[in-house]
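# Per-entry structural report
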Amino acid sequence: MRYLMTTKATDTAPDEKLFAEMGRFIEELSAAGVLLATGGLEPGGVRVTSVGDEITVTDGPFAEAKEAVAGFALIEARSKEEAIELARRFRRIVGDGESVIQQVFGP
């Protein structure tokens, strides 16, 4: 099963220790075939909304930027529980904050 794990931005700036720990974690998951893709996301973005036939495009940043997703990882896990455990490991590395796990459906 594939899961998308997203993380919201925090006010804490990463340091060299965090980069090293995340590097090891990413290497481990990549070598195991669990990590399919990962990356950070620009803070602003573009919002596209639709109501009926009207489509509106709005450039960011947005007032609720603290709620914006800052990064993601697409993983292949045997179960939801395994995905949760990987998210727990990630949170232990990066510290305080919030991540969301969602199962990805489709091919």
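Relevant structure appears above.
Definitions and cut-offs
Residues numbered from 1 in each chain as written. Predicted model: local features only at pLDDT ≥ 70, side-chain atom pairs only at ≥ 80, totals over all residues. Heavy atoms only, no water. Helix = DSSP H or I, 4+ residues; strand = E, 2+ residues; numbered from the N terminus. Expected span 1.5 Å × (residues − 1). Buried < 20%, exposed > 50% of the residue type's maximum accessible area, 1.4 Å probe, protein only. Patch = residues over 30% accessible without salt bridge, like charges linked within 9 Å, V, L, I, M, F, W, Y side chains within 5 Å. Areas by Shrake-Rupley, 256 points an atom, 1.4 Å probe, with all protein chains shown as cover. Salt bridge = Lys/Arg side-chain N within 4 Å of Asp/Glu carboxyl O. Core = buried A, V, L, I, M, F, W, Y, C linked by side-chain atoms within 4.5 Å. Contact = heavy atoms within 4.5 Å. Pairing = 2+ DSSP bridges. Axes fitted to C-alpha atoms, helices over the stretch in contact; angles between N-to-C directions.

## Side note on helix α2 (residues 80-94)
With 15 residues, α2 ought to run about 21 Å at 1.5 Å a step, and its terminal C-alpha atoms sit 21 Å apart, in line with that. If you check which residues of α2 are buried, you get Glu82, Ala83, Leu86, Ala87, Phe90, Arg91 and Ile93. Of the residues flanking the end of α2, it is glycine 95, one or two places downstream, whose phi is positive at about 90°.

## Here we look at a nonpolar patch on the surface
The grouping of Val46, Val48, Ile55 and Val57 at the surface amounts to a nonpolar patch, some 400 Å² of accessible area in total. Within the residue set of the nonpolar patch, elements represented by two or more residues are β3 (46-51) and β4 (54-59).

## What to know about the nonpolar core
Counting residues in hydrophobic clusters, the biggest one holds 16 residues, and the most contacted among them are Met22, Phe25, Leu29, Ile75 and Leu86. Elements supplying a minimum of two residues to this core: β1 (2-8), α1 (16-31), β5 (69-76) and α2. Among the elements that make up this core, the one with the highest residue count is α2 (five residues). Here methionine 22 is in contact with Phe90, Ile93 and Val94, once residues within four sequence places are set aside.

## Remarks on the sheet that holds strand β2 (residues 35-40)
Ordered in space as β2-β5-β1-β6, the four strands form an open sheet in which the pairing is antiparallel. Looking along the sheet, the strands with just one partner apiece sit at the ends: β2 and β6 (99-104). Going from strand to strand, the sheet's axes swing by 15° on average, the running direction of each strand aside. Pairing between β1 and β5: seven bridges, direction antiparallel. Its bridge partner being in β5, threonine 6 is matched across the sheet by phenylalanine 72. Contacts from α2 reach β1, β5 and β6, with the element oriented near 30° to β1.

## A short note on the pattern of salt bridges
Should their charged atoms come close, side chains of opposite charge can pair. Taken as a whole and judged by the stated rule, the model has five salt bridges. For arginine 89, the salt bridge is made with glutamate 28, and the minimal N-O distance between the two is 2.8 Å. Taken together, the positions of arginine 89 in helix α2 and glutamate 28 in helix α1 put the pair 61 residues apart, joining distant regions of the chain. Across the pair arginine 78 and glutamate 82 runs a salt bridge whose closest N-O atoms are separated by 3.6 Å. On the accessibility criterion, arginine 78 (72% relative accessible area) is exposed.

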